[in-house]
Amino acid sequence: MEPIKSFEDLDVWKLGREIRKDLYRQANQLPKHEQYCLGQQIRTAAISLTANIAEGYGRFHFKENVQFCRIARGSAYELLDHLTACKDQGYWGEGEHDGLRGKLTRFIQLINGYIRSIGHAGQKKAVGSVTNDE
């Protein structure tokens with residue numbers, strides 16, 4: 001396993017990037033009357049997947065990193081709802097819906113694992129640290 005040197009090395013970020021590309025492509029194919037409403041919401045939530053992972057990675061404290069990852073996870077759930085709306089309105093077919101839903105489900109699994117690993121690493125640091133008060 002390669003060491004993590006940047007947020008770009010994280011599997012969850014890589015998958016989020018792939019999902020973002022797919023969703024941009026799909027959102028651009030929405031009917032014109034949905035481009036600036038549903039389309040914009042899809043694009044914004046898709047950007048949030050990777051941007052929040054990156055921002056959290058750059059934070060000093062592990063708790064901040066976890067919070068930004070939770071925001072990314074929330075955006076993934078928001079996107080699941082947008083997928084359903086697109087399917088219900090007949091904008092996307094079953095194949096597009098199912099493929100993206102599978103990727104988002106995998107993203108949620110990976111982000112949950114990443115959040116757990118951040119928490120465990122942060123707790124180990126906190127337990128192992130010594131302050132001047134002790």
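Every value quoted in this text rests on a predicted model; they were computed, and no experiment measured them.

### What to know about the environment of Leu83
The residue Leu83 is located in helix α3 (residues 62-88) in this model. According to the relative accessible area criterion, Leu83 is buried, its value standing at 1%. Measuring from C-alpha to C-alpha, the distance between Leu83 and Glu96 comes to 8.9 Å, with 13 residues separating the pair along the chain. With residues near it in sequence (within four places) discarded, Leu83 still touches Leu23, Trp92, His97, Leu100, Arg101 and Leu104.

### What to know about helix α2 (residues 38-57)
In a regular helix each residue adds 1.5 Å, so 20 residues correspond to 28 Å; α2 covers 29 Å between its end C-alpha atoms and thus fits that length. The principal kink in α2, of about 30°, is found at Leu49.

### Let's talk about helix α1 (residues 11-27)
Over its 17 residues, α1 runs 24 Å from end to end, which matches the ideal 24 Å to within 8%, given 1.5 Å per residue. Within α1, the full set of buried residues consists of Val12, Trp13, Leu15, Gly16, Ile19, Asp22, Leu23, Gln26 and Ala27.

### Observations regarding the environment of Tyr24
Its location among the elements puts Tyr24 in helix α1. Residues Tyr24 and Ile47, spaced 23 residues apart in sequence, show a C-alpha to C-alpha distance of 9.3 Å. Discounting residues that sit within four places of it in the chain, Tyr24 has contacts with Arg43 and Ile47.

### Quick notes on the side chain of Asn65
Positionally, Asn65 belongs in helix α3. Contact partners of Asn65, with chain neighbours within four places excluded, come to Gly56, Tyr57, Arg59, Tyr114 and Ile118.

### Things to note about the environment of Cys86
Locating Cys86 in the fold gives a position in helix α3. Along the chain, Cys86 and Gln26 lie 60 residues apart, while their C-alpha atoms are 9.9 Å from each other. Apart from residues lying up to four places away in sequence, Cys86 is in contact with Leu30, Leu38, Ile42, Tyr91 and Trp92.

### Examining the nonpolar core
In terms of nonpolar packing, the biggest core is built from 31 residues, with Leu23, Ile42, Ile53, Trp92, Leu104, Phe107 and Ile111 touching the most fellow members. At the level of secondary structure, the elements contributing two or more residues to this core comprise α1, α2, α3 and α4 (94-128). What Ile42 contacts, discounting residues up to four positions off in sequence, is Leu23, Ala27, Leu30, Leu79, His82, Cys86 and Trp92.

Analysis parameters
Residues numbered from 1 in each chain as written. Predicted model: local features only at pLDDT ≥ 70, side-chain atom pairs only at ≥ 80, totals over all residues. Heavy atoms only, no water. Helix = DSSP H or I, 4+ residues; strand = E, 2+ residues; numbered from the N terminus. Buried < 20%, exposed > 50% of the residue type's maximum accessible area, 1.4 Å probe, protein only. Contact = heavy atoms within 4.5 Å. Expected span 1.5 Å × (residues − 1). Bend = angle between axes of the 7 residues up to and from the residue. Core = buried A, V, L, I, M, F, W, Y, C linked by side-chain atoms within 4.5 Å.

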